[in-house]
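A closer look at the structure
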Amino acid sequence: MSKFWSPLTASLEPYVPGEQPKDKKYIKLNTNENPYPPSPKAIVAMADAINEDLRLYPDPNCESLVTTLANRHGLQPKQIFVGNGSDEILAFAFASFFDPSKPVLFPDISYSFYKVYAKFYGITPKLIPLDEQFNIHVEEYVGEHGGIIIPNPNAPTAMLMPLDHIKLLLEQNPEQVVIIDEAYIDFGGQSAVTLVDSYPNLLVIQTLSKSRSLAGLRVGFAFGSAELIEGLNRTKNSFNSYTLDRIALAGAVASIEDETYFVETSAKVIATRERVVQQLEELHFVVTPSAANFVFISHRSIPAKQIFEQLRVEGVLVRYFASPRIDNYLRVSIGTDEEMDALIKALHILTVQ
Ligand SMILES: *Cc1c(COP(=O)(O)O)cnc(C)c1O
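Residues numbered from 1 in each chain as written. Predicted model: local features only at pLDDT ≥ 70, side-chain atom pairs only at ≥ 80, totals over all residues. Heavy atoms only, no water.

So, the packing of helix α4 (residues 86-97) against helix α7 (residues 226-236)
Geometry of a packed helix pair, given as the angle between the helix axes and the separation of the axes. Where α4 meets α7, the axes come as close as 9 Å, and the angle between the chain directions of the two elements is 105°. What the angle tells us is that α4 and α7 run roughly perpendicular. Facing I89, F92, A93, A95, S96 and F97 of α4, the residues of α7 in contact are L228, G231, L232, T235 and K236. Its residues placed into classes, the contact of α4 with α7 shows seven nonpolar, three polar and one charged. (Axes fitted to C-alpha atoms, helices over the stretch in contact; angles between N-to-C directions. Helix = DSSP H or I, 4+ residues; strand = E, 2+ residues; numbered from the N terminus. Parallel < 35°, antiparallel > 145°, perpendicular 65-115°, else oblique. Contact = heavy atoms within 4.5 Å. Nonpolar A, V, L, I, M, F, W, Y, C, P; charged D, E, K, R; others polar.)

Here's what the structure looks like:
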């Protein structure tokens, strides 16, 4: 606490990201980064963007990227917003669409950043419990509220909600904005982007950080009705006109255009996941059905915290949440086949006597 902090800053409870350790070389399966490099075409495009034009501000409307996304998804540019990572878009969306006089609804187990944004804007979260198998029941997302946000697939459970349930959610709540955070949708899910034309209250948020291997670039997108996108632009232009730099714009456009590479690397991650799920089950782990680039696992007899600590000693980093209901689970990102072989080998030693 400092006497120099505003009451707002003093009241905040900032998000704590998964560690990026420097002490030794770890097999890093703790922040859901993609194990494969970004598209080589994106790397060339970014290198080309490092030139004298950097003396000029970037395009504040990010037209090149917006147009590329509009073409890919069959939408109009006015239905698309881009930002400095989807976290930034989430922060703008909370400010733009959620009425602080009413609670915002999200699952009790979901992306922990939502509580942080709610706190920042003085919004009260109303947590809707997942059932014992971590399923979301959309019929519970009703009543007097100021908006809804749900990750699909959910994080950290990795579980996918079918598009039919999202439609129901949108139809039950026509007066509020429903945000679907699709950070992991490319690993086996069906995107709600196809619903954008039909539901003016839907905002779908995606990112280049996971399926496009560009967590280091910080680029995210939102798809929604023109009125929602205009709302996001009003908020953005009250903070910073230039959230994406010239290099990020060039890399993002080239990455989106390289569909072949994206399909190939996503398929590799999915294939590795399916193999690893089977091996984990053989080692007596309970594995939730994953449609993401990570798995959420619990051992039938050994506490998760103990496995987490022992894996760390063995040089394998995974994510452990000391939170109610999930403190006996580990979230493990899908790495390369070699990395996952090393994980399975370490788990074999730790769990089989
Ligand atoms: C990783 C993640 C994000 C953040 O993505 P960035 O685009 O890197 O900011 C948002 N939501 C969920 C659920 C995530 O897991």
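Next comes the rest of the write-up.
Notes on the site of the ligand
Contacts to the ligand come from G85, S86, D87, Y111, D181, A183, Y184, T207, S209, K210 and R218. Measuring from a nitrogen atom of the ligand, one finds a side-chain N or O atom of D181 at 2.7 Å. Look at the ligand: alone it shows 390 Å² of surface, and the protein chains cover 93% of it. (Near = heavy atom within 4 Å. Polar contact = N/O pair within 3.5 Å; in protein donor to acceptor, adjacent residues only side chain to side chain. Areas by Shrake-Rupley, 256 points an atom, 1.4 Å probe, with all protein chains shown as cover.)

Let's talk about the pattern of salt bridges
Counted by the stated rule, this structure contains ten salt bridges. Sharing partners across several salt bridges, the network here consists of R72, R212 and E259. (Salt bridge = Lys/Arg side-chain N within 4 Å of Asp/Glu carboxyl O.)

Observations regarding the side chain of E88
Note on placement: E88 falls in helix α4. Put simply, E88 is tucked away with no salt bridge, and the nearest opposite charge, on K236, sits 7.6 Å away. In terms of polar contacts, E88 uses its side chain to reach the backbone amide nitrogen of N84, at 2.8 Å. Look past the residues within four positions of E88 in its chain and what remains in contact with it is G83 and T243. (Buried < 20%, exposed > 50% of the residue type's maximum accessible area, 1.4 Å probe, protein only. Lys, Arg positive; Asp, Glu negative; His and termini not counted.)

Things to note about the sheet that holds strand β7 (residues 202-207)
Taken in spatial order, the seven strands line up as β2-β8-β7-β6-β5-β3-β4 in an open sheet, and their pairing is mixed. Taken across any chain shown, the strands that pair with only one partner, and hence form the sheet edges, are β2 (80-83) and β4 (125-128). Neighbouring strand axes in the sheet, compared pairwise and without regard to direction, differ in orientation by 20° on average. Direction of pairing for strand β5 (residues 147-151) relative to strand β6 (residues 178-181): parallel, over a ladder of four bridges. (Pairing = 2+ DSSP bridges.)

Brief notes about the sheet that holds strand β12 (residues 319-320)
An order of β9-β10-β13-β12 is seen for the four strands of this open sheet, with the pairing classed as antiparallel. Looking at the sheet topology across the chains shown, the edges are occupied by β9 (285-287) and β12. The sheet contact formed by strand β10 (residues 294-299) and strand β13 (residues 330-333) spans four bridges and is antiparallel. Each bridged residue has a counterpart across the sheet, and for F296 the counterpart in β13 is R331. Strands in contact with helix α9 (residues 259-282) are β9 and β10; relative to β9, the strand with the most contacts, it is inclined by about 140°.

Observations concerning unusual backbone geometry
Between N152 and P153 the backbone carries a cis peptide bond, its omega angle lying at -5°. Note that P153 resides in the loop between β5 and α6 (163-172). Here the residue pair A155 and P156 is connected by a cis peptide bond, since its omega of 5° sits within 30 degrees of zero. Following the sequence through the fold, P156 ends up in the loop between β5 and α6. Positive phi outside glycine occurs at H284, with the angle close to 70°. Mapped onto the fold, H284 is located in the loop between α9 and β9. Phi is positive for R325, which is not a glycine, with a value near 75°. In this structure, R325 sits in the loop between β12 and β13.

Some details on the pairing of β4
Relative to β4, strand β3 (residues 104-107) runs parallel, the two being bridged by four bridges. For F106, the partnering residue across the bridge sits in β4 and is L127. Since β3 and β4 lie parallel, the crossover through helix α5 (residues 113-120) that links them has a hand, and here it is right-handed. (Right-handed = clockwise from strand over helix to strand, strands pointing away.)

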